[in-house]
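Understanding the architecture of this molecule
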Amino acid sequence: MAPIADDNRRRLADFWDSSRSYYEQAAAANPEASPERQVLLGYLRDGQTIVDLGCGSCENALWVPRGCRYIGFDVSTAALVMANEQGRPGVRVRGDGALLPFASESVDAVLSTYALEHFHDPGRTFLEAARIVRPGGYLLFTGSAWDLPYEMPPSLDPGRRLEVAVRRLGRHLLSGVDGRHRFDTVPEPRVLTEGYVPDADAVHVTQSWLLVRFLRAAGLEIVEHRSLPHGPEPGGARGLYRKALRLVPLWRRAWGNTLLVARRGPELSTPSYELLPL
Ligand SMILES: C[S@@+](CC[C@H](N)C(=O)[O-])C[C@H]1O[C@@H](n2cnc3c(N)ncnc32)[C@H](O)[C@@H]1O
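What comes next is a walk through the structure. Fair warning: this is a prediction, and the values are worked out from it, not measured in the lab.

Rules and cut-offs
Residues numbered from 1 in each chain as written. Predicted model: local features only at pLDDT ≥ 70, side-chain atom pairs only at ≥ 80, totals over all residues. Pairing = 2+ DSSP bridges. Helix = DSSP H or I, 4+ residues; strand = E, 2+ residues; numbered from the N terminus. Right-handed = clockwise from strand over helix to strand, strands pointing away. Axes fitted to C-alpha atoms, helices over the stretch in contact; angles between N-to-C directions. Parallel < 35°, antiparallel > 145°, perpendicular 65-115°, else oblique. Contact = placed C-beta atoms within 7 Å. Buried ≥ 20, exposed ≤ 12 C-beta atoms within 10 Å, placed from the backbone. Near = placed C-beta within 6 Å. Nonpolar A, V, L, I, M, F, W, Y, C, P; charged D, E, K, R; others polar.

**Re the pairing of strand β3 (residues 91-94)**
Two faces, one strand: in a regular strand the side chains alternate between the faces of the sheet. Two elements, strand β2 (residues 69-74) and β3, share four bridges in a ladder whose sense is parallel. Across the sheet, residue G72 finds its bridge partner in β3, namely R92. For the segment spanning β2, helix α4 (residues 77-85) and β3, crossover handedness is right-handed.

What follows is the structure in structure tokens.
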């Protein structure tokens, strides 16, 4: 059985298609390129071709170097129409990230900001991104991450926190031991029944260390992997607790969003992976 049934995928696509306010909120939150976007944009050069994966209303088109060929790619028609209305530069393509309609090795970089947690088949989407980038080109990602097993996106019912934490911890330990690739998925995100709050539509519980390991296995070199704090580090007992958990190698970059830069090598592999519903 697919971890996210076709019916729920359709309902999610309907949500993105019907919700202009979702993109208006994003636009209001992005009056200028945030520090993490700036880091990613710093890898781009004039003359390059860039696909922005899960581009929304193409805010990033405002900040890429002017000489770049920007291609916004998203599953939402509403978002792409908004980008047109707002006169964003570049071209737009509608589709699902699990199957990118671009030739292999045809672009210099795939940029993806705040969309990693929305890909219903993250393994396939990341392999697609790697496929279309030329050798030496970059994957430039930032977005929400929940590296610790007890952290979870608002798309999951908070009443299931303990059950989810135990299940995720088990999967972390297993993945640490057997080295296999596993992506945690949310089969029925709360946005479908309870309306929208940020990340109530997340379907991939992004864990940055798993993503890094998967990209390495696919033939990419990790150039940067950081966590971007949501706020100042707490002091006292909470600060010490964080420091202690960060001693565990898997959780070194726990708390905050993730920023990941990977460079494609000459050859790609297609590591197998499992999609595991929570
Ligand atoms: C939170 S928005 C991010 C928008 C923009 N990148 C930004 O930085 O503000 C997530 C976007 O991912 C898109 N998305 C979700 N699933 C997708 C998929 N399978 N393929 C392509 N785009 C997808 C949604 O339509 C939405 O526009």
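**Side note on the packing of helix α1 (residues 6-18) against α4**
At their nearest, the axes of α1 and α4 sit 6 Å apart, and the two run at 20 degrees to each other. Regarding the angle of α1 to α4, the classification is roughly parallel. Between α1, through W16, D17 and S18, and α4, the contact on the second element is made entirely by T77, A78 and A79.

**Digging into unusual backbone geometry**
Both trends apply: most residues other than glycine have a negative phi, and most peptide bonds are in trans. Of note in the backbone geometry, E105 takes a positive phi value of approximately 60 degrees without being a glycine. Within the element layout of this structure, E105 appears in the loop between β3 and β4 (107-113). Of note, Y114 is a non-glycine position whose phi angle comes to about 60 degrees, a positive value. The residue Y114 is located in the loop between β4 and α5 (122-132) in this model. The exposure class assigned to Y114 is buried, which follows from the 22 C-beta atoms found within 10 Å.

**Some points on the sheet that holds β3**
If you walk across this open sheet you meet the seven strands as β3-β2-β1-β4-β5-β8-β7, and the pairing is mixed. Pairing within the sheet leaves two strands with one partner each, and these edge strands are β3 and β7 (220-228). Looking at each pair of strands side by side, their axes are set apart by 15 degrees on average, direction ignored. Strand contacts of helix α8 (residues 208-217): β7 and β8 (257-264), with the helix running at about 170 degrees to β7, the strand carrying the most contacts.

**Some words on the site of the ligand**
In the vicinity of the ligand there are 19 residues, among which G54, G56, G97, T113 and H118 approach most closely. Its residues assigned to classes, the shell around the ligand comprises eight nonpolar, eight polar and three charged.

That's the geometry; what it means functionally is another story.
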